Amino acid sequence: MPELPEVETIRRELEREAVGKRIKSVEVHGTRTVRRQTKKAFIAKLEGTKITAVSRRGKYLVLKLDSGDVLLIHLRMSGQLRRATPKEPVAKHTHVIITFTQGGQLRFVDPRTFGELFVTAKDELTAEVPELAELGFDPVEDPISWTTFGQQLMSRQMKLKAFLTDQTIIAGLGNIYADEILFAAGLRYDRQTDSLSTQEIRRLYRAVVETLHEAIKYGGSTLDDEQYVDLNGKPGEFQEHHKVYNREKLPCYRCRRATISKAKFGGRSTYFCEVCQV
DNA sequence: CGATCTACCTGATGGC
DNA sequence: TGCCATCAGGTAGATC
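Residues numbered from 1 in each chain as written. Chains lettered and ligands numbered in written order. Predicted model: local features only at pLDDT ≥ 70, side-chain atom pairs only at ≥ 80, totals over all residues. Heavy atoms only, no water.

On to the layout of surface pockets. Put simply, the second largest pocket is a space of about 300 Å³. The biggest single contributor to the lining of the second largest pocket is helix α6 (residues 198-217), with six residues. Counted by class, the lining of the second largest pocket contains seven nonpolar, two polar and seven charged residues. (1 Å grid on protein atoms, 1.4 Å probe; cavity = no way out; pocket = protein on both sides within 12 Å on 5 of 7 lines; lining within 4 Å. Points joined across faces, edges and corners; volume = space filled by probe spheres on them. Helix = DSSP H or I, 4+ residues; strand = E, 2+ residues; numbered from the N terminus. Nonpolar A, V, L, I, M, F, W, Y, C, P; charged D, E, K, R; others polar.)

Have a look at this one:
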């Protein structure tokens with residue numbers, strides 16, 4: 001489900017909703033959501049702490065705690081964070097419930113159970129969270145220059161879509177936004193990274209940054225299955241602005257001649273215009 | 001080392 | 001109706 005714009009939308013809401021609140025109690029159901037530490041340890045590290053800040057690295061939410069630890073949340077394919085009150089019925093697939101001393105709750109709901117929550121400490125020497133060390137730059141939080149971006153492209157031999165979705169190079173892009181970015185840049189998903197001209201590099205980098213900012217403005221993308229919703233259960237609106245994703249056989253908005261093609265790349269669907277992307 | 005595949009799950013959808 | 005195959009926003013880990 002969620003890529004950078006959806007996670008950023010949730011981050012902004014959490015900043016208003018969770019920062020300054022103290023965790024009174026934590027419930028964990030099932031064995032898959034909290035899996036790299038015991039439930040007991042996870043709960044013990046959370047209860048009694050106050051959330052002091054919410055940041056994001058790529059698709060990870062980073063909740064800073066006044067204990068010095070951080071709560072990391074990754075939604076993977078179907079994870080949702082939902083605001084609730086204790087009286088509200090607990091939805092199916094609710095795996096974690098955090099209750100604040102003020103009375104509100106934050107619930108983690110995840111049908112496919114790929115999502116994950118864990119509490120970890122920052123490295124004392126680097127002040128970094130070791131789990132995030134492998135991530136590449138975040139194009140919204142931590143943009144780089146287009147020339148540095150170009151050096152990264154030129155130093156590899158891979159296809160553009162693989163480059164864009166490699167979290168160790170760029171953190172936060174997934175299947176939807178990679179396709180939208182490549183369309184905005186007029187580049188095919190299977191172009192080799194080291195084949196781009198200077199102008200194409202600039203266009204691609206600009207498309208990365210602009211597409212993400214635009215998507216954040218619209219609260220991210222929600223597909224037909226409504227798997228992505230924000231803290232209040234509200235879907236995003238950027239899907240209405242998709243130019244290629246999920247538009248197979250529909251006319252291309254740019255050239256108006258071709259229809260959008262669908263191909264398989266890396267085991268997943270890729271949407272593009274044969275005419276506008278070269 | 002890099003590229004490619006498979007597995008991890010539930011649920012929606014479509015063909016027969 | 002039901003049964004089966006396919007597909008879905010992601011990524012770790014095995015394999016080549």
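So, about the packing of aromatic side chains. Across all of its chains, the model carries eight aromatic pairs by this definition. Judged by centre distance (4.8 Å) and plane angle (45 degrees), the rings of F149 and Y205 are tilted. Here the residue F149 occupies a position in helix α3 (residues 146-154), and Y205 occupies one in helix α6, the gap between them amounting to 56 residues. Classification of Y205 as buried rests on a relative accessible area of 7%. Against the face of F118 rests R36, its NZ or CZ located 3.9 Å from the ring centre. (Phe/Tyr/Trp six-rings, centres within 6.5 Å; stacked < 30°, edge-to-face > 60°. Buried < 20%, exposed > 50% of the residue type's maximum accessible area, 1.4 Å probe, protein only. Lys NZ or Arg CZ within 6 Å of the ring centre and 35° of its normal.)

Moving on, we get to the protein's contact with DNA strand B. With respect to spatial proximity, the complete set of residues near DNA strand B consists of R32, K92, H93, P111, R112, T113, F114, Q157 and M158. When the atoms of DNA strand B within 4 Å of the protein are sorted by group, sugar and phosphate make up 58%. Classifying every residue of the surface near DNA strand B by side-chain character gives three nonpolar, three polar and three charged. (Near = heavy atom within 4 Å.)

The subject of this paragraph is the sheet that holds strand β8 (residues 116-121). Spatially, four strands are ordered β2-β3-β4-β8 in an open sheet, and the strand pairing comes out antiparallel. Each of the sheet's edge strands pairs with one partner strand only, and the pair in question is β2 (51-57) and β8. Within this sheet the neighbouring strands show an average axis-to-axis angle of 20 degrees, counted without direction. Pairing analysis gives six bridges linking strand β4 (residues 69-74) to β8, with the strands arranged antiparallel. Counted as the bridge partner of V70 is T120 from β8. Sitting on the sheet, helix α1 (residues 4-17) is in contact with β2 and β3 (60-65), with an inclination near 170 degrees to β2. (Pairing = 2+ DSSP bridges. Axes fitted to C-alpha atoms, helices over the stretch in contact; angles between N-to-C directions. Contact = heavy atoms within 4.5 Å.)

Put simply, α1 and α6 touch, their axes get as near as 9 Å, and they point 45 degrees apart. It follows that α1 is oblique to α6 by the angle criterion. You can see that α1 and α6 cross each other, and the crossing is right-handed. Each of L4, P5, E8, T9 and R12 in α1 lies in contact with α6, whose residues at this interface are L212, A215 and I216. Split into classes, the residues belonging to the contact of α1 with α6 amount to five nonpolar, one polar and two charged. (Parallel < 35°, antiparallel > 145°, perpendicular 65-115°, else oblique. Left-handed = near helix turned anticlockwise from the far one by under 90°.)

The subject of this paragraph is the sheet that holds strand β5 (residues 80-84). Pairing is antiparallel in the open sheet, where four strands are placed in the order β1-β6-β7-β5. Strands with a single pairing partner mark the edges of an open sheet, and in this sheet they are β1 (23-28) and β5. Within this sheet the neighbouring strands show an average axis-to-axis angle of 20 degrees, counted without direction. Where β5 lies against strand β7 (residues 105-109), five bridges are found, and the strand directions are antiparallel. Paired with Q80 across the two strands is V109, which belongs to β7. Along the sheet face, helix α2 (residues 39-46) touches β1 and β6 (94-100) and points at about 165 degrees away from the line of β1.

Here we take up the pairing of β2. Judged from the six bridges that link them, β2 and β3 form a sheet pairing that is antiparallel. Its bridge partner lying in β3, R57 is registered against Y60.

A word on unusual backbone geometry. Look at T113: it is not a glycine, yet its phi comes out positive at around 60 degrees. Its location among the elements puts T113 in the loop between β7 and β8. Overall, the relative accessible area of 16% leaves T113 in the buried class.

Bringing the packing of α3 against α6 into the picture now. Each pair of packed helices can be described by the angle between their axes along with the distance between the axes. Two numbers describe how α3 lies on α6: the axes approach to 9 Å, and their chain directions differ by 110 degrees. If you check the angle between α3 and α6, you find them roughly perpendicular. With respect to the hand of their crossing, α3 and α6 are arranged in right-handed fashion. Contact residues: α3 offers W146, F149, G150, L153 and M154, while α6 offers T198, I201, R202, L204, Y205 and V208. Tallied by class, the residues present in the contact of α3 with α6 amount to eight nonpolar, two polar and one charged.

Geometric values such as these leave the question of function open.
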